[in-house]
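Chain by chain, the residues run as shown.
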Amino acid sequence: MPSYVLSCCSTADVTREWLDDRDIKYLYFNYYLNGEMCKDDFGATNSPAELYAKMLAGAEAKTSQISAGDYMAHFEQYLSQGLDVVHLTLSSGISGTYNSACAARDQLAEKYPNHHVYVVDSLAASSGYGLLMDRLAGLRDSGMGAAELAAWAEEHKGEVQHWFFSSDLTFFIRGGRISKAAGLVGGMLKICPLMDVAPDGSLAVKEKIRTKAKAINRVVEKMVELAEGGRDYSGKCFISQSECLADAQEVARRIEETFPKLDGKVEIFPIGATIGVHTGPGTVATFFWGQRRA
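The notes below deal with the structure included here. Small disclaimer: the values here were computed from a predicted structure and weren't measured.

1. Thoughts on the overall build of the protein
Part 1 of the argument: When helices and strands are tallied, the protein shows eleven helices and 13 strands.
Part 2 of the argument: Expressed as a percentage of the 294 residues in the protein, the buried residues total 52%.
Part 3 of the argument: Considering only contacts in the protein between residues 6 or more positions apart, those separated by 24 or more positions represent 76%.
Part 4 of the argument: Taken as a whole, the protein presents about 12,500 Å² of accessible surface, with 50% of it coming from carbon and sulfur.

Dropping the structure here:
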């Protein structure tokens with residue numbers, strides 16, 4: 001048995017059952033709807049459909065990062081048992097939670113001098129963060145130690161490719177990521193922006209593609225271009241989606257046709273509340289291992 005726990009936040013956008021099955025510990029992000037704090041708890045408080053319906057009806061939605069105090073409580077429950085912790089945070093390019101986790105680690109260091117908390121900025125988001133956790137759980141299960149695992153994560157995290165497109169620009173406009181004028185024109189022309197996560201962990205619009213069908217084609221093309229081994233890619237592929245399951249299933253079908261050596265079926269997960277508050281419905285995100293992001 002390893003002498004440490006592997007940990008992440010609910011923004012890895014997998015499911016509670018998936019994390020429990022992989023023996024990955026986790027803690028919840030928070031978000032606010034009309035001033036009321038809710039847990040980003042894999043849809044238990046508000047299912048994705050309920051969340052987006054409330055947002056479309058005008059509810060004010062804001063996200064809130066995990067506090068240093070919450071991280072301290074999370075880490076200490078394992079340190080007090082004599083276990084080290086390897087914790088990966090949501091990308092620092094999206095949230096300040098990495099700094100909170102580091103502050104918690106530093107405050108606990110004096111109390112637990114013989115045990116360690118390794119905090120890694122995943123530079124990843126949504127199920128790309130989940131895909132990274134999947135690889136780390138496998139390495140842990142193969143016998144890799146805590147310090148080595150944290151070092152491996154630091155070295156290889158930039159190899160998780162993230163490609164998003166959205167057919168509904170409402171909340172990208174509302175959040176200021178797309179101007180109202182550009183959003184109006186984009187809606188009229190059925191523009192689906194293609195986005196990725198940049199090397200610094202921030203979200204970047206890469207292409208403006210007209211029609212959803214072409215956006216789906218482009219995602220598959222990017223995977224052929226960037227995946228380890230190209231069409232011979234033999235790793236896993238995760239997809240997350242915000243209330244557009246049919247679109248995600250079409251992307252998955254195309255990927256499974258194009259990559260015959262894929263490790264199992266494409267796994268599709270719902271986008272959680274923290275990311276979903278910013279995307280709204282209509283977003284499909286595809287994640288795979290490939291070239292280091294540049």
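This is not the end of the story, as more comes after the structure.
2. Brief notes about the sheet that holds strand β8 (residues 160-166)
Part 1 of the argument: Taken together, six strands build an open sheet; the order of strands is β10-β9-β8-β13-β11-β12 and the sheet is mixed. At either end of the open sheet lies a strand with only one pairing partner, and these are β10 (203-210) and β12 (267-270). Averaged over all neighbouring strand pairs, the angle between strand axes comes to 20 degrees, with direction disregarded.
Part 2 of the argument: With seven bridges connecting them, strand β9 (residues 191-197) and β10 associate as antiparallel partners.

3. A word on the pairing of strand β11 (residues 237-241)
Part 1 of the argument: Among the five residues of β11, five are classified as buried, and the element is accordingly described as predominantly covered.
Part 2 of the argument: As judged from the five bridges shared by β11 and strand β13 (residues 283-289), these two strands associate in the antiparallel manner. Counterpart to Ser240 in the pairing with β13 is Ala285.
Part 3 of the argument: The sheet contact formed by β11 and β12 spans four bridges and is parallel. Directly across from Ile239, in β12, lies its bridge partner Ile268.
Part 4 of the argument: Between the parallel elements β11 and β12, the chain passes through helix α10 (residues 245-258) in a crossover that is right-handed.

Cut-offs used in this document
- Residues numbered from 1 in each chain as written.
- Predicted model: local features only at pLDDT ≥ 70, side-chain atom pairs only at ≥ 80, totals over all residues.
- Heavy atoms only, no water.
- Helix = DSSP H or I, 4+ residues; strand = E, 2+ residues; numbered from the N terminus.
- Buried < 20%, exposed > 50% of the residue type's maximum accessible area, 1.4 Å probe, protein only.
- Contact = heavy atoms within 4.5 Å.
- Areas by Shrake-Rupley, 256 points an atom, 1.4 Å probe, with all protein chains shown as cover.
- Pairing = 2+ DSSP bridges.
- Axes fitted to C-alpha atoms, helices over the stretch in contact; angles between N-to-C directions.
- Right-handed = clockwise from strand over helix to strand, strands pointing away.

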